[in-house]
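For reference, the chains in residue letters:
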Amino acid sequence: MSRSAHPAGPRHADVLPEGHYAGPPTDLNALDSKVWAQTVTRDADGVVTVGGMDVKTLAEEFGTPAYVVDEADFRARARAWRSAFGQDADVFYAGKAFLSRAVVRWLDEEGLNLDVCSGGELATALSAGMPADRIAFHGNNKSTEEIDRAIRAGVGRIVLDSFQEIVRVAHIAQSLGKRQRVQIRITVGVEAHTHEFIATAHEDQKFGIPLAGGQAAEAVRRALQLDGLELIGIHSHIGSQIFDMSGFEVAAHRVVGLLKDVRDEHGVELPEIDLGGGLGIAYTSDDDPREPHEIAKALTEIVTRECEGARLRTPRISVEPGRAIVGPTAFTLYEVGTIKPLDGLRTYVSVDGGMSDNIRTALYDAEYSVALVSRTSDAEPMLARVVGKHCESGDIVVKDAFLPADLAPGDLIAVPATGAYCRSMASNYNHVLRPPVVAVNDGEARVIVRRETEEDLLRLDVG
Ligand SMILES: Cc1ncc(COP(=O)(O)O)c(C=O)c1O
Ligand SMILES: N[C@@H](CCCC[NH3+])C(=O)O
């Protein structure tokens, strides 16, 4: 976009990537409900509030940076997924997106199940009282100890990810005198990216057993022979941050094709099909995610149609949304520090966190929005890049965003839609301390994951 395209446009607009934004937003103080948690609004003084708590109070009480989660929004989204799929299907929240004991309790109370993919996630789930039979255990390299622990705990299902694991889980289950319910994760040859899917030689990846070349059929053959296993279904997860349902359509078609082959070969109709997670959310106003009821309707119709075509009983469907539940429910609250205007380029706005609390921009080139939240401003828009405090020039939180030109050190800004894969992927690079997670609800705030301290760092460093 050239400066001439927006004669009265933002400072430094000449370097804005072509086609990225139509121009600066007309109202920098507006909070698009697509990207902000449900209870977010501005109070009479222009300060942003969430769950009835204003961000200045939150910053004073809990410090910055902080992840702020809207509990009512989380529960509402969890409930929406649950009711959209109904009693004949299961919703497993993917704990990798963000897991804490409070979250486990919210999920339990809202009737969701839980997908975990490590011993640590399993321990968190169990210690918060999630009934083991509502837990699914994932992972491409589960250790013997993790498998042993999961089976002893009585997890509802283990999702088998490789030929070796089929044998390993069967052996451990048998040695414990148990028969473990399992699914087999297959790769169907569909690779889904952010806004589209492309069919590829998708078996070239570490997860799952390829459908191609009859490998998935062979995995089923082996699993059915082993006494330690009760094979309950097939699992497929095609990717993450997906908006287009056609990838799921192809996946469901291929999974049902395998169920049909299994029925024809073994006379067994596997009772379950899991279509994984991956549903996209809005990170900026340009994104248009689907509602859970639309997704549920589409997936149920696809599976039912495919099964009718194959003359199979429709299996029980399960899904594993992570991002779509927790992503929109939180924002990261930062304090503005150094501001560096680069004439003809952009203004660098440094915050007190960075790639240690949100690696997604550096890792995936992810796009985020940002807003001034401690006050409103009528100043002209300036093209800003929100960066962190790490010794890394790629330490970017928001690559291109408009903030008011009167932004000053000490202002609070917030980045919405950071509920998923931010705290769960946080590091303490440069010994920067991981922020707390603060849950707000009905005018009350409480820490559900506390801030990391220098004592925590020194306790791990045993000399
Ligand atoms: C097996 C499985 N299930 C569920 C998810 C959750 O994905 P998302 O958070 O995109 O819904 C993932 C991550 O992509 C996954 O690998
Ligand atoms: N961590 C990724 C998604 C991977 C999901 C897990 N398979 C993200 O932030 O978008």
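As named in an unreviewed UniProt entry, the protein chain is Diaminopimelate decarboxylase, taken from Streptomyces pseudovenezuelae. The annotation that UniProt attaches to the protein chain under Catalytic activity (unreviewed entry) is "meso-2,6-diaminopimelate + H(+) = L-lysine + CO2". Per UniProt, the protein chain carries the Sequence similarities (unreviewed entry) text "Belongs to the Orn/Lys/Arg decarboxylase class-II family. LysA subfamily."

Peer 1: Got a minute to help me understand the overall build of the protein chain in this structure?
Peer 2: Helix and strand content of the protein chain: twelve helices and 23 strands. The C-alpha atoms of the protein chain give a radius of gyration of 24 Å, which matches the 23 Å a tight globule of 463 residues would have. Referenced to the eigenvectors of the C-alpha coordinate spread, the extents of the protein chain come out at roughly 70 × 55 × 40 Å. For the protein chain, long-range pairs separated by at least 24 residues make up 70% of all intrachain contacts whose partners lie at least 6 apart in sequence. Carbon and sulfur atoms provide 47% of the accessible area of the protein chain, an area that totals close to 19,200 Å². Distance between charge centres in the protein chain, computed from 48 positive and 69 negative side chains, equals 5 Å.

Peer 1: I'm lost on the UniProt feature "modified residue: N6-(pyridoxal phosphate)lysine" (unreviewed entry) in the protein chain in this one. Help?
Peer 2: Under the UniProt annotation, the feature "modified residue: N6-(pyridoxal phosphate)lysine" (unreviewed entry) is placed at Lys96. With respect to the secondary-structure elements, Lys96 resides in the loop between strand E5 (89-94) and helix H3 (101-110).

Peer 1: Explain the packing of helix H8 (residues 246-266) against helix H9 (residues 292-310) here, please?
Peer 2: When two helices pack together, their arrangement is captured by the angle between the axes and the distance separating the axes. Where H8 meets H9, the axes come as close as 9 Å, and the angle between the chain directions of the two elements is 35°. When you trace H8 past H9, the crossing you get is right-handed. Across the interface between the two elements, Phe248, Glu249, Ala252, His253, Val256, Lys260 and Arg263 of H8 pack against Leu299, Ile302, Val303, Arg305, Glu306, Cys307 and Ala310 of H9.

Peer 1: Where do I start with the pairing of strand E4 (residues 66-70) in this structure?
Peer 2: Taken residue by residue, a regular strand's side chains alternate between the two faces of the sheet. Burial runs high along E4: five of the five residues are buried. Residues of E4 alternate between two faces, with Ala66, Val68 and Asp70 on one and Tyr67 and Val69 on the opposite face, all of them buried. Across four bridges, E4 lies against strand E16 (residues 330-342) in antiparallel orientation. Among the inter-strand pairings, Ala66 is bridged to a residue of E16, identified as Leu333. Here E4 pairs with strand E22 (residues 437-441) via four bridges, running parallel. Bridging from a neighbouring strand, Asp70 pairs with Val440 of E22.

Peer 1: Where do I start with the site of ligand 2 in this structure?
Peer 2: Every residue close to ligand 2 is listed here: Lys96, Ser240, Arg323, Arg360, Tyr364, Tyr421 and Met425. Arg360 has a polar side-chain atom sitting 2.5 Å from an oxygen atom of ligand 2. Measuring from a nitrogen atom of ligand 2, one finds a side-chain N or O atom of Tyr364 at 2.8 Å. Across the shell around ligand 2, the residue classes tally to three nonpolar, one polar and three charged.

Parameters at a glance
- Residues numbered from 1 in each chain as written.
- Chains lettered and ligands numbered in written order.
- Predicted model: local features only at pLDDT ≥ 70, side-chain atom pairs only at ≥ 80, totals over all residues.
- Heavy atoms only, no water.
- UniProt positions renumbered as here; feature names shortened; annotations may be inferred.
- Helix = DSSP H or I, 4+ residues; strand = E, 2+ residues; numbered from the N terminus.
- Rg over C-alpha atoms; globule rule 2.2 N^0.38 Å.
- Contact = heavy atoms within 4.5 Å.
- Areas by Shrake-Rupley, 256 points an atom, 1.4 Å probe, with all protein chains shown as cover.
- Lys, Arg positive; Asp, Glu negative; His and termini not counted.
- Charge placed at Lys NZ, Arg CZ, Asp CG, Glu CD.
- Axes fitted to C-alpha atoms, helices over the stretch in contact; angles between N-to-C directions.
- Left-handed = near helix turned anticlockwise from the far one by under 90°.
- Buried < 20%, exposed > 50% of the residue type's maximum accessible area, 1.4 Å probe, protein only.
- Pairing = 2+ DSSP bridges.
- Near = heavy atom within 4 Å.
- Polar contact = N/O pair within 3.5 Å; in protein donor to acceptor, adjacent residues only side chain to side chain.
- Nonpolar A, V, L, I, M, F, W, Y, C, P; charged D, E, K, R; others polar.

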